[in-house]
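Reading the structure
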Amino acid sequence: MVPVKRLQPPSKPVTEEAHEELDMPGMDVSFDPEDPDPGKLEPDFLAESLSTEFRYSGATEPLISVAEHSVYAARLAQEAGYGLDMQMYALIHDAAEAFTGDMLKPLKSTIEGFDEFEERWDGFIDDFISLETPLEGPDESDEYIVKNIDLELYRDEVVRVLDGMSQENIDGIDFDRDGMDEIPDAKEVTDYGTGIQEAEEMFRQEYDRIYSELMTSKAFEAYSDWIESELTRAYADEAVTS
């Protein structure tokens, strides 16, 4: 067993010797880093964990949790007119950080095997969404849109909560890439400074809203398909008898 404290990234390269289990405090469950079981994951855990993980290593005023950032991403997707699928993908785009932590890119690059570790947990979250909802997980075009939403939020954070941030941290970022003009100003949905408990509840409520509307939509779609098939069958039967 290799116990890994919740919200902390691996402290050593993710080698064969380390591939045993991740014990998650607060959950009566362990995850195999090589093949984590999405059936063990609960949305409440994501809400709790991401609300205590802070962006930019906490170097913002006020603090912004990953949960708060994720809720704003979902709301920005909604504001932009995207459907429930994109809203869900935006909400969970950083959900793997419940396991890997929110790490600054320069630090990530120093940890051997971290890219593969992070990619595995991203896939795990996609599998969870596929299991939990009618969605199949984001494709490349979905991921591109979510990236645009994330960039708009990043631009807003740089201006409003990262005052004095070094210009070199944003040089080279393409804020004008294709599709960015379709994303509303993040100020329309952001209100930075929520506390941990409020951010946790915000994430939980946003997940429940999207999930409930998704299930209602899919149920109505299935019912509509059934009605259409029944009408088609009835018309066919009438044609045969007449």
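You'll find the structure just up there.
Residues numbered from 1 in each chain as written. Predicted model: local features only at pLDDT ≥ 70, side-chain atom pairs only at ≥ 80, totals over all residues. Heavy atoms only, no water.

1. Notes on the layout of surface pockets
For the largest pocket, the calculated volume is near 1,200 Å³. Along the walls of the largest pocket sit 37 residues, with Asp94, Lys105, Lys108, Lys147 and Asp150 positioned nearest its centre. When its residues are assigned to classes, the lining of the largest pocket shows 17 nonpolar, 4 polar and 16 charged. (1 Å grid on protein atoms, 1.4 Å probe; cavity = no way out; pocket = protein on both sides within 12 Å on 5 of 7 lines; lining within 4 Å. Points joined across faces, edges and corners; volume = space filled by probe spheres on them. Nonpolar A, V, L, I, M, F, W, Y, C, P; charged D, E, K, R; others polar.)

2. Examining unusual backbone geometry
Between glutamate 61 and the following residue, proline 62, the backbone shows a cis peptide bond with an omega angle of 0°. Mapping proline 62 onto the fold places it in the loop between helix H1 (43-50) and helix H2 (66-79). Notably, tyrosine 56 is not glycine yet its phi reads approximately 55°, a positive angle. Tracing the sequence through the fold places tyrosine 56 in the loop between H1 and H2. A positive phi angle, near 55°, is found at serine 57, a position not held by glycine. Along the chain, serine 57 falls in the loop between H1 and H2. When its relative accessible area of 53% is taken as the criterion, serine 57 is described as exposed. (Helix = DSSP H or I, 4+ residues; strand = E, 2+ residues; numbered from the N terminus. Buried < 20%, exposed > 50% of the residue type's maximum accessible area, 1.4 Å probe, protein only.)

3. A short note on the packing of helix H3 (residues 84-91) against helix H7 (residues 140-160)
Look at H3 against H7: their axes get within 10 Å of each other, and the N-to-C directions meet at 65°. Crossing of H3 over H7 shows right-handed handedness. Of the residues in H7, those touching H3 at Met86, Tyr89 and Ala90 are Asp142, Ile145 and Val146. Classifying every residue of the contact of H3 with H7 by side-chain character gives 5 nonpolar, no polar and 1 charged. (Axes fitted to C-alpha atoms, helices over the stretch in contact; angles between N-to-C directions. Left-handed = near helix turned anticlockwise from the far one by under 90°. Contact = heavy atoms within 4.5 Å.)

4. Comments concerning H1
Burial of H1 is extensive: 6 of the 8 residues sit out of reach of the surface. Pro43, Phe45, Leu46, Ala47, Ser49 and Leu50 are the residues of H1 that are buried.

5. What to know about the packing of H2 against H7
Geometrically, a packed helix pair is captured by the angle between its two axes and the distance between the axes. Relative orientation of the contacting elements H2 and H7 amounts to 120°, with a least axis distance of 10 Å. Taken as axis vectors, H2 and H7 run oblique relative to one another. H2 and H7 meet at a crossing whose hand is right-handed. Where H2 approaches H7, its residues His69, Tyr72, Ala73, Leu76 and Ala77 are matched on the opposing element by Ile149, Asp150, Glu152, Leu153 and Glu157. (Parallel < 35°, antiparallel > 145°, perpendicular 65-115°, else oblique.)

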